[in-house]
Amino acid sequence: MEPLDLIETRLRVATWNLWWRFGPWEDRQPGIAETLHRVDADVIALQEVWDVPDGRGQAQVLAEKLGYQHVFVSGFDDGETLFGNAVLSRWPIAASEQRPLPSTSTTEEFRVALKATVDGPRGPFELYTTHLNWRYDESAVRQAQVRALAEFVAESKGRTFPPIVCGDFNADPVSDEIRMLTGRAAVPAPRLVFMDAWDVAGDGPGYTWSNDNAFAARDLEPDRRIDYVFVGWPKARGAGHVVGARVAAVEPVNGVHPSDHYAVVAELRY
């Protein structure tokens, strides 16, 4: 049998919830920037990103420090500070699009999905970032949000690289909403199924919400894996195949955890 002619170059993807302006948010900013510099991802999906209407927001500041491009979308605006998602990219962002995610009158958290089309050196690819409702008892809401997210992803046709979907899903791997994405339950969009990067290449529990983190421990919740890098089915020569996954942003920087969440970093064939 002839060996597979697999792509050997890599794409490094990171996802991280930055915990908006909660806790000692000003003290946390240097640690966020330093951690992202150390991770050195090619593209970064961010959630709970803050922005200000008439100034330089968090995504812009981080992009400038890294020498990256960025795009930000807000799901919530309190009149002073915006709350949303962002993508940072080493390479040009050719286009972006956003989609509000469904909720109900009693569970509205202004969730949104952001798509960035990245003009990478070995061809374009799409990176999505999102953040689903957080309450334990709102799985039904998250399932509706996953359906809308999958339909959003399915609108793009003719990809040569599988879609990358990242974010804080506020759900464990065995939950119905995650199983809908990984094909362990009925998929929302025909023929659209994702590999969970940690399932493919992670080692250990992969907790991204951990009581080892002083900020997370205050909520008295169990350790959980709720942040994900999902990748569609590999394309020609294994494009998009996950070859590595790790948890990052675990250690405090200058004595302060940069966020209440840990980050996920995945390596893909590209």
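Residues numbered from 1 in each chain as written. Predicted model: local features only at pLDDT ≥ 70, side-chain atom pairs only at ≥ 80, totals over all residues. Heavy atoms only, no water.

1. Digging into the sheet that holds strand β1 (residues 10–17)
- With respect to topology, 6 strands assemble into an open sheet ordered β3-β4-β2-β1-β12-β11, the strand pairing being mixed. Edge strands, defined here as strands with exactly one partner in the open sheet, are β3 (69–77) and β11 (242–248). Recorded for the sheet is a direction-independent mean angle of 20° between the axes of neighbouring strands.
- Pairing between β1 and strand β2 (residues 43–51): 5 bridges, direction parallel. Paired with Asn17 across the bridge in β2 is Gln47.
- Lying on the sheet, helix α1 (residues 25–39) is in contact with β1, β2, β11 and β12 (263–269); it crosses β1 at an angle near 165°.
- Strands in contact with helix α2 (residues 58–66) are β2, β3 and β4 (82–89); relative to β2, the strand with the most contacts, it is inclined by about 140°. (Pairing = 2+ DSSP bridges. Helix = DSSP H or I, 4+ residues; strand = E, 2+ residues; numbered from the N terminus. Axes fitted to C-alpha atoms, helices over the stretch in contact; angles between N-to-C directions. Contact = heavy atoms within 4.5 Å.)

2. Some words on the packing of α1 against α2
- One can describe the packing of α1 onto α2 by two numbers: an axis separation of 10 Å at closest approach and a directional angle of 45°. By the angle between their directions, the pair α1 and α2 is classed as oblique. Pair α1 / α2 crosses with right-handed handedness. Residue-level inspection shows Gln29, Ile32, Ala33, Leu36 and His37 of α1 in contact with α2, the latter providing Gln58, Leu62, Lys65 and Leu66. (Parallel < 35°, antiparallel > 145°, perpendicular 65-115°, else oblique. Left-handed = near helix turned anticlockwise from the far one by under 90°.)

3. Considerations on the sheet that holds strand β10 (residues 227–232)
- The 6 strands are arranged β5-β6-β7-β8-β10-β9 in an open sheet whose pairing can be described as mixed. With partners counted over all chains shown, the strands left at the sheet margins are β5 (93–100) and β9 (194–196), one partner each. This sheet shows a mean twist of 20° between the axes of neighbouring strands, independent of strand direction.
- As paired strands, β9 and β10 are joined by 3 bridges and run antiparallel to one another.

4. Some points on the side chain of Arg111
- By the secondary structure assignment, Arg111 is in the loop between β5 and β6 (112–120).
- There is a polar contact of 2.6 Å between the side chain of Arg111 and the side chain of Glu109.
- Contacts of Arg111, omitting those with residues within four sequence positions, involve Phe83, Pro100, Leu101, His131, Leu132, Asn133, Trp134 and Gln145. (Polar contact = N/O pair within 3.5 Å; in protein donor to acceptor, adjacent residues only side chain to side chain.)

5. Some details on the nonpolar core
- Ranked by size, the top nonpolar core spans 30 residues in total, and within it Leu11, Val13, Phe125, Phe161, Ile164, Val229 and Leu268 carry the most contacts.
- Once residues lying within four places of it in the same chain are set aside, the contact partners of Phe161 are Leu11, Pro124, Phe125, Lys235, Ala239, Gly240, Leu268, Arg269 and Tyr270.
- Ile32, Ile44, Ala86 and Ala249 belong to the second-largest nonpolar core, a separate cluster that totals 22 residues. (Core = buried A, V, L, I, M, F, W, Y, C linked by side-chain atoms within 4.5 Å. Buried < 20%, exposed > 50% of the residue type's maximum accessible area, 1.4 Å probe, protein only.)

6. Some words on the packing of aromatic side chains
- Taken as a whole and judged by the stated rule, the model has 15 aromatic pairs.
- Seen from their ring centres, Trp20 and Phe83 are 5.8 Å apart, and the 55° between their planes marks the pair as tilted. With Trp20 in the loop between β1 and α1 and Phe83 in strand β4, this residue pair connects regions lying 63 residues apart in the sequence. Across the pair, exposure class does not vary: Trp20 and Phe83 are buried alike. (Phe/Tyr/Trp six-rings, centres within 6.5 Å; stacked < 30°, edge-to-face > 60°.)

7. Describing the pairing of β3
- Direction of pairing for β3 relative to β4: antiparallel, over a ladder of 8 bridges. Paired with Ser74 across the bridge in β4 is Gly84.
- The antiparallel pairing of β3 with β4 creates a hairpin that spans 4 residues between the two strands, and Gly79 there sits at a positive phi of about 95°.

8. Some thoughts on the side chain of Thr182
- With respect to the element layout, Thr182 can be found in helix α4 (residues 176–182).
- You can call Thr182 buried: its relative accessible area is 13%.
- Residues contacting Thr182, with those up to four places away along its chain left out, are Val193, Phe194, Asp196 and Phe230.

9. Considerations on α2
- Residues of α2 that are buried include every one of Gln58, Ala59, Leu62, Ala63 and Leu66, and no others. Relative to the axis of α2, the buried residues are bounded by an arc of 125° and lie together on one face.
- Elements that come into contact with the buried residues of α2 comprise α1, β2, β3 and β4.
- In the stretch just after α2, Gly67 is the one whose phi turns positive, near 75°. (Arc of directions from axis to C-beta.)

10. Description of unusual backbone geometry
- Here the phi dihedral of Asn170 falls at roughly 50°; this positive angle occurs in a residue that is not glycine.
- Of the residues examined, Asn170 reaches a relative accessible area of 8% and is grouped as buried.
- Its identity is not glycine, yet Asn254 carries a phi of approximately 55°, on the positive side.
- Tracing the backbone through its elements, the reader meets Asn254 in the loop between β11 and β12.

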